[in-house]
Amino acid sequence: MKLFTLEQDTAKPLPYLNSIKERLVRPRFTDAGTLVVNGGGNDRAMYLVDVKALGK
């Protein structure tokens, strides 16, 4: 899974989530705008991304 920002008509990749080596599944947004993604590994990790803070 990769995250991008749009700058004019160009999608620019963001480095967030790049260090995660497991498969990421079930991406969804909360009502507050937080991106929630589950890890596909045995430990059942969950990753939270405050998308409003990205790029700041």
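Residues numbered from 1 in each chain as written. Predicted model: local features only at pLDDT ≥ 70, side-chain atom pairs only at ≥ 80, totals over all residues. Heavy atoms only, no water.

Asker: Tell me what's going on with the sheet that holds strand β5 (residues 46–50), and back it up with residues and numbers.
Answerer: An order of β3-β4-β5 is seen for the three strands of this open sheet, with the pairing classed as antiparallel. Each edge of the sheet is formed by a strand with only one pairing partner; in this case those strands are β3 (24–29) and β5. Here the average twist between neighbouring strands, direction ignored, is 20°. By the bridge criterion, four bridges tie β3 to strand β4 (residues 34–39) in an arrangement that is antiparallel. Opposite F29, over in β4, you have L35 as the bridge partner. (Pairing = 2+ DSSP bridges. Helix = DSSP H or I, 4+ residues; strand = E, 2+ residues; numbered from the N terminus. Axes fitted to C-alpha atoms, helices over the stretch in contact; angles between N-to-C directions.)

Asker: With reference to specific residues and values, describe the pairing of strand β1 (residues 3–7).
Answerer: Bridge analysis of β1 against strand β2 (residues 10–14) gives five bridges, and the strand direction is antiparallel. Directly across from T5, in β2, lies its bridge partner K12. Linking β1 back to β2 in an antiparallel pair, the connection comprises two residues, with Q8 at a positive phi of about 60°.

Asker: An account of the confidence of the model for the protein chain is requested, with residue identities and associated values reported.
Answerer: In low-pLDDT regions, the fine details of the predicted coordinates are not to be read closely. Confidence in the prediction of the protein chain, expressed as mean pLDDT, is 90, and 96% of residues score 70 or more. Put simply, β1 is where the protein chain has its lowest mean pLDDT, 88, and β4 is where it has its highest, 95. (pLDDT = per-residue confidence, 0-100.)

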